[in-house]
Amino acid sequence: MDCIFCDIVSHKSPAWIIYQDNDITAFFDYFPASKGHLLIVPNIHNSDIYDVPDTTLQKIASLSKKIALFYKEHLDIPALNILQNNGQAAGQVVFHYHMHLIPRIPWDNITLWWTPDESHRDSYDELRDYIQKNFS
Ligand code: 5GP
Ligand code: ZN
């Protein structure tokens, strides 16, 4: 399979890797939104959130926090977006799961926002029931 992030994980393609272990790899985005824009990926080819094992997600979350704290405490970067796209309609372009860490400073001109639509102010009761039964 042709996948740029698989190639980066296996060192077939170059990238500025800051961390790698048996499960995950973190490297700088090649087309960054801001200085320090990082991606964290599973080493195996999981396309999106629907595919990634929970233990891998936990490691990615944990590494995100370490990096976030470093940016805040050592580089004095006051804010950070952590985001992750699943599916074309959500803006996913590379179909190997990745978490974005995007350092932010005031007035940096990066836009990530949507127009709120109050007509969507509603709930999915079946979701609440499902989660209460199936997640603990
Ligand atoms: P997505 O829109 O799928 O969430 O984001 C894909 C990200 O991968 C983009 O931010 C893009 O800049 C980054 N990207 C695409 N190709 C490469 C590459 O070859 N190397 C690196 N380091 N990042 C890439
Ligand atoms: Zn891949």
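Look up: the structure comes first, before these words.
Residues numbered from 1 in each chain as written. Chains lettered and ligands numbered in written order. Predicted model: local features only at pLDDT ≥ 70, side-chain atom pairs only at ≥ 80, totals over all residues. Heavy atoms only, no water.

## A few points about the site of ligand 1
We count it as follows: Throughout, the term near means that a residue has one or more heavy atoms lying within 4 Å of the molecule or strand in question. Counting of polar contacts relies on pairs of N or O atoms within 3.5 Å, with two restrictions inside protein: one atom must be capable of donating a hydrogen and the other of accepting it, and residues adjacent in sequence are counted only when both atoms are side-chain atoms. Numbering of helices and strands runs from the N terminus; a helix is a DSSP stretch of H or I covering at least four residues, while a strand is a stretch of E covering at least two. Under the scheme applied here, ten amino acids are nonpolar (Ala, Val, Leu, Ile, Met, Phe, Trp, Tyr, Cys and Pro), four are charged (Asp, Glu, Lys and Arg), and all others, including Gly, are polar.
Around ligand 1 lies a shell of 16 residues, among which Asp29, Gly91, Val93, His98 and His100 are the nearest. Contacts to ligand 1 include glycine 91, whose backbone N or O atom sits 2.9 Å from an oxygen atom. At the level of elements, α1 (4–9) and β2 (24–28) are the ones that each hand at least two residues to the shell around ligand 1. By residue number, the principal contributor to the shell around ligand 1 is α1, which donates 3 residues. Along the lines of polarity and charge, the residues of the shell around ligand 1 split into 10 nonpolar, 5 polar and 1 charged.

## Some details on the environment of tyrosine 97
Where we set the bar: With a 1.4 Å probe rolled over the protein chains alone, any residue whose accessible area is under 20% of its type maximum counts as buried; one over 50% counts as exposed, and the rest are partly exposed. Residue contacts follow a heavy-atom distance rule, with two residues in contact if any of their heavy atoms lie within 4.5 Å.
Structurally, the position occupied by tyrosine 97 is in the loop between β4 (79–83) and β5 (99–104). The class for tyrosine 97 is buried, based on a relative accessible area of 2%. Once the C-alpha coordinates of tyrosine 97 and isoleucine 44 are considered, the two residues, 53 residues apart in sequence, prove to be 9.5 Å apart. Other than its neighbours up to four places away in sequence, tyrosine 97 contacts Ile40, Val41, Pro42, Asn46, Ser47, Asp48, Ile49, Val52, Leu57, Ile60, Gln84 and Asn86.

## Thoughts on the environment of glycine 87
When you line up the elements, glycine 87 lands in the loop between β4 and β5. C-alpha separation for the pair glycine 87 and asparagine 134, spaced 47 residues apart in sequence, amounts to 24 Å. If near-sequence neighbours (up to four positions away) are discounted, glycine 87 is found in contact with Gln92 and Phe95.

## A short note on the sheet that holds β4
The test is simple: In short, DSSP must find at least two bridges between two strands for them to pair. The axes are straight lines fitted to the C-alpha atoms, using for helices just the contacting stretch, and the angles between their N-to-C directions are given from 0 to 180°.
The strand order across the open sheet built from 5 strands is β1-β2-β3-β5-β4, with neighbouring strands paired in antiparallel fashion. What marks the edges here is a single partner per strand, and that holds for β1 (17–20) and β4. Direction aside, the axes of adjacent strands within the sheet are offset by 15° on average. Sheet analysis places strand β3 (residues 38–42) next to β5, joined by 3 bridges and oriented antiparallel. By the bridge assignment for β5, leucine 39 is matched with histidine 100. Contacts from helix α2 (residues 54–73) reach β1, β2, β3, β4 and β5 within the one sheet, and its direction differs from that of β3 by about 160°.

## Side note on the pattern of salt bridges
Under the convention used in this document: For this analysis, a salt bridge means a side-chain nitrogen from Lys or Arg found within 4 Å of a carboxyl oxygen belonging to Asp or Glu.
For the structure shown, the criterion picks out 4 salt bridges. Across the pair lysine 59 and aspartate 23 runs a salt bridge, and its minimum N-O distance is 2.9 Å. Here lysine 59 is found in helix α2, whereas its partner aspartate 23 is found in the loop between β1 and β2, with 36 residues between them in sequence. When its relative accessible area of 34% is taken as the criterion, aspartate 23 is described as partly exposed. A salt bridge links aspartate 129 to arginine 128, with the nearest nitrogen and oxygen atoms 3.2 Å apart.

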